[in-house]
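Letter by letter, the chains look like this.
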There are 2 protein chains.
Amino acid sequence: MGDQGTDDRRAVVLVSGGLDSATALAVAKADGFACHALSFDYTQRHAAELDAATEIAARLGAVEHRIYPLDLSLFTGSALTGVVDVPKDRSEDEMAGGIPVTYVPCRNLIFLTIAAGWAETLGAGDLYIGVNAVDYSGYPDCRPEFIQSFEETLNLATKRGVEAASGGEMGIRLHTPLIDLTKAEIIRLGTEHGVDYARTVSCYDPSPDGLACGRCDSCQIRRKGFLDAGVEDPTRYAERVGDAT
Amino acid sequence: MGDQGTDDRRAVVLVSGGLDSATALAVAKADGFACHALSFDYTQRHAAELDAATEIAARLGAVEHRIYPLDLSLFTGSALTGVVDVPKDRSEDEMAGGIPVTYVPCRNLIFLTIAAGWAETLGAGDLYIGVNAVDYSGYPDCRPEFIQSFEETLNLATKRGVEAASGGEMGIRLHTPLIDLTKAEIIRLGTEHGVDYARTVSCYDPSPDGLACGRCDSCQIRRKGFLDAGVEDPTRYAERVGDAT
């Protein structure tokens with residue numbers, strides 16, 4: 001393939017600034033990869049995520065961190081891009097009830113596709129994404145069947161994939177180390193690997209000074225994860241909602 | 001799905017300004033769709049393509065035409081993004097010999113993914129792309145096996161796909177009306193549907209005033225297509241290369 005031997009140890013890791021992707025980065029590093037971290041700037045409401053991503057990438061020893069500018073203004077109608085209000089205080093049943101308004105069409109697919117293009121350019125055959133199908137809150141592009149199908153597509157779509165297939169190998173591997181874990185298990189795993197979760201941002205609707213709302217789906221799942229894991233929750237909340245429950 | 005009945009007649013069509021995608025747009029229109037044309041501005045060498053795309057979309061009756069800004073600077077090393085020289089005067093054997101330097105990692109995949117996100121936002125379930133596997137010049141992401149795999153991925157990745165699957169239907173359909181056609185057959189098809197090929201740009205390396213080089217793979221395949229189709233070639237070439245052969 002013209003790659004040098006060392007290239008096989010490179011991985012592109014999607015790092016959003018959140019809890020899951022920080023854990024995925026720590027796992028990729030522990031797996032022995034030189035990690036190239038990738039974040040997306042997509043007119044999201046909270047740039048605090050990107051600052052967190054930069055700091056997480058540096059602290060967890062990524063070789064480099066790139067922020068890719070992505071215009072998602074074509075895709076109106078989702079809470080994460082600022083058009084619909086973020087739902088708050090939903091029960092677990094409500095959170096489990098279908099695809100939430102925070103769904104952005106093809107978001108993970110676009111992220112993974114650009115990551116794959118960068119990986120091919122770097123001579124990397126491994127991609128890490130911190131998707132999770134247990135506490136996945138209804139996103140279709142966090143499910144194992146999506147990941148498996150897209151890995152097949154990538155190996156048909158790329159020069160690296162086609163050339164590896166001719167030698168009976170898989171050119172591009174999609175790693176989803178968190179996909180079967182509960183939030184508590186993710187938090188324990190990351191804690192073992194030295195992730196400082198105080199630096200991660202999960203809230204869909206943080207205050208201007210970066211405090212978590214504590215009430216959106218993401219905050220609720222995160223809070224419960226720390227409780228279940230028996231790990232102290234380092235999140236800075238805007239209200240002391242946890243104390244009341 | 002919450003879609004109105006009329007939504008089923010909308011399609012997103014990838015329009016590059018080239019011969020193939022203009023033909024695909026004409027076919028989509030003939031198939032009865034209200035066509036939403038999508039082009040990408042990705043620091044390509046020749047902005048003439050985008051001007052052509054705008055004119056083609058208007059002439060072929062697209063409902064709207066959007067130009068999506070896409071930063072492909074992560075993906076260095078391809079002739080189409082300006083780093084490697086475009087190969088010229090290659091024989092048919094050379095053109096058939098593997099993946100050319102004009103390959104951009106994941107390009108069609110990124111285009112189709114963003115098109116799919118826009119389609120879902122519009123309530124459209126149909127995407128058209130003018131890929132071609134006969135004169136495809138070695139791009140892995142123009143092959144039927146890639147298209148079929150990605151259609152499956154899209155229907156697993158999207159809210160529209162998942163919701164349609166629960167009703168036993170396919171939410172997103174990828175149309176590749178040119179995939180099995182020779183360049184000559186494409187030109188005859190488009191001519192029947194009123195495509196004015198004088199407005200289309202195929203050259204990988206046009207002159208500053210928009211004349212085709214006549215010598216890159218794309219020019220050679222196009223020229224031969226008009227000859228084989230028995231249709232007068234309206235292309236404006238920088239040199240009268242055709243007269244010498």
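Remember, it's a predicted structure, so these values are computed and weren't measured experimentally.

Rules used in this analysis
Residues numbered from 1 in each chain as written. Chains lettered and ligands numbered in written order. Predicted model: local features only at pLDDT ≥ 70, side-chain atom pairs only at ≥ 80, totals over all residues. Helix = DSSP H or I, 4+ residues; strand = E, 2+ residues; numbered from the N terminus. Buried ≥ 20, exposed ≤ 12 C-beta atoms within 10 Å, placed from the backbone. Contact = placed C-beta atoms within 7 Å. Axes fitted to C-alpha atoms, helices over the stretch in contact; angles between N-to-C directions. Parallel < 35°, antiparallel > 145°, perpendicular 65-115°, else oblique. Nonpolar A, V, L, I, M, F, W, Y, C, P; charged D, E, K, R; others polar. Core = buried A, V, L, I, M, F, W, Y, C linked by C-beta atoms within 7 Å. Least-squares fit on C-alpha atoms with pLDDT ≥ 70 in both. Arc of directions from axis to C-beta. pLDDT = per-residue confidence, 0-100. Pairing = 2+ DSSP bridges. Left-handed = near helix turned anticlockwise from the far one by under 90°. Expected span 1.5 Å × (residues − 1). Right-handed = clockwise from strand over helix to strand, strands pointing away.

(A) Representation of the overall build of chain A in the model. When you go through chain A residue by residue, the secondary structure sums to nine helices and five strands. Reading chain A from its N terminus to its C terminus gives the helix and strand order β-α-β-α-β-α-α-β-α-α-β-α-α-α. Relative to its 245 residues, chain A shows a buried fraction of 51%. Excluding contacts between residues fewer than 6 apart, the proportion of contacts in chain A whose partners are at least 24 apart in sequence is 70%.

(B) Structural context of the packing of helix H4 (residues 107-122) of chain A against helix H4 (residues 107-122) of chain B. At their nearest, the axes of H4 of chain A and H4 of chain B sit 9 Å apart, and the two run at 170° to each other. One element, H4 of chain A, and the other, H4 of chain B, form an angle in the roughly antiparallel class. Facing H4 of chain A, whose interface residues are Leu109, Ile110, Thr113, Ile114 and Gly117 of chain A, H4 of chain B presents Leu109, Ile110, Thr113, Ile114 and Gly117 of chain B. Of the residues contributing to the contact of H4 of chain A with H4 of chain B, the split by class is six nonpolar, four polar and no charged.

(C) Looking closely at the nonpolar core. Counting residues in each nonpolar core, the largest one holds 137 residues, and the members touching the most others are Leu25 of chain A together with Leu25 of chain B. Those residues in contact with Leu25 of chain A that sit more than four places away from it in its chain are Val13, Val15, Cys35, Ala37, Ile56, Leu60 and Ala62 of chain A.

(D) Inspection of the interface of chain B and chain A at higher detail. On the chain A side, the residues contacting the 34 residues of chain B number 34 residues. When residues of the side of chain B that touches chain A are traced back to their parent elements, those giving at least two are strand S3 (64-69), H4, helix H5 (144-157) and helix H6 (159-166) of chain B. Counting residues per element, the side of chain B that touches chain A draws most heavily on H4 of chain B, at nine residues.

(E) Here's a closer look at the relation of the copies chain B and chain A. Structural alignment of chain B on chain A gives an RMSD of 0.0 Å, achieved by rotating through 180° and translating 0.0 Å along the axis. With respect to symmetry, the two chain copies, as superposed, fit the operation of a two-fold axis. Taken together, the interface assignments show that 100% of the residues at the interface of chain B recur at the interface of chain A, consistent with an identical surface on both copies.

(F) Representation of helix H7 (residues 183-192) of chain A. Residues and elements named next belong to chain A. Listed as buried for H7 are Lys183, Ile186, Ile187 and Gly190. Considered in projection along H7, the buried side chains sweep an arc of 95° and stay on one side of the axis. Of the surrounding elements, those touching the buried residues of H7 are helix H1 (19-30) and helix H8 (217-229). Directly after H7, the chain includes Gly194, whose backbone phi takes a positive value near 80°.

(G) Local environment of the confidence of the model for chain A. Scored by pLDDT, chain A has a mean of 85; 84% of the residues are at 70 or more. Within the model, the stretch residues 1-7 of chain A combines pLDDT values under 50 with six contacts to residues more than four positions away or in other chains.

(H) Region of interest: the sheet that holds strand S5 (residues 173-175) of chain B. Residue and element names in this part refer to chain B. The parallel open sheet is built from five strands, whose spatial order is S3-S2-S1-S4-S5. Sheet topology places S3 and S5 at the edges, where each strand pairs with a single neighbour. The mean angle between the axes of side-by-side strands here comes to 25°, regardless of whether they run parallel or antiparallel. As paired strands, strand S1 (residues 10-14) and strand S4 (residues 126-128) are joined by three bridges and run parallel to one another. Its bridge partner lying in S4, Ala11 is registered against Asp126.

(I) Expanded view of the sheet that holds strand S4 (residues 126-128) of chain A. Residue and element names in this part refer to chain A. One open sheet holds the five strands; their spatial order is S3-S2-S1-S4-S5, and the pairing between them is parallel. Looking at strand neighbours, the two that pair on one side only are strand S3 (64-69) and strand S5 (173-175), the edges of this open sheet. Here the average twist between neighbouring strands, direction ignored, is 25°. Bridge count between strand S1 (residues 10-14) and strand S2 (residues 34-41): five bridges; the pairing is parallel. Directly across from Val13, in S2, lies its bridge partner Ala37. On the sheet, H1 packs against S1, S2 and S4 and is oriented at approximately 170° with respect to S1. Strands S2 and S3 of the sheet are contacted by helix H2 (residues 48-59), whose axis makes an angle of about 175° with S2.

(J) Highlighting the packing of helix H5 (residues 144-157) of chain A against H5 of chain B. H5 of chain B packs onto H5 of chain A with a crossing angle of 155° between their chain directions and a minimal axis gap of 9 Å. Overall, the two elements H5 of chain A and H5 of chain B adopt an arrangement that is roughly antiparallel. The hand of the H5 of chain A/H5 of chain B crossing is left-handed. Packed against H5 of chain A, whose contacting residues are Glu145, Phe146, Ser149, Phe150, Glu152, Thr153, Leu156 and Ala157 of chain A, the element H5 of chain B presents Glu145, Phe146, Ser149, Phe150, Glu152, Thr153, Leu156 and Ala157 of chain B at the interface. Looking at side-chain class alone, the contact of H5 of chain A with H5 of chain B contains eight nonpolar, four polar and four charged residues.

(K) Structural context of helix H8 (residues 217-229) of chain B. Residues and elements named next belong to chain B. For H8, built from 13 residues, the straight-helix expectation of 18 Å at 1.5 Å per residue is met to within 8% by its first-to-last C-alpha distance of 18 Å. Along H8, the residues that are buried comprise Asp217, Ser218, Cys219, Gln220, Ile221, Arg222, Arg223, Gly225 and Phe226. Once H8 ends, the next one or two residues include Gly230, with phi positive near 70°.

(L) Geometry of the environment of Asp228 of chain A. Residue and element names in this part refer to chain A. Among the structural elements, Asp228 can be located in helix H8. When the 14 C-beta atoms within 10 Å are taken as the criterion, Asp228 is described as partly exposed. In the structure, Asp228 is positioned 43 residues away from Glu185 in sequence and 8.7 Å away in space, judged by C-alpha atoms.

(M) Local environment of the pairing of S2 of chain A. Residue and element names in this part refer to chain A. Summarising burial for S2: six of the eight residues are buried, a large majority. Assessed by its sense of winding, the connection that carries the chain from S1 through H1 to S2 is right-handed. Pairing analysis gives six bridges linking S2 to S3, with the strands arranged parallel. Opposite Ser39, over in S3, you have Ile67 as the bridge partner.

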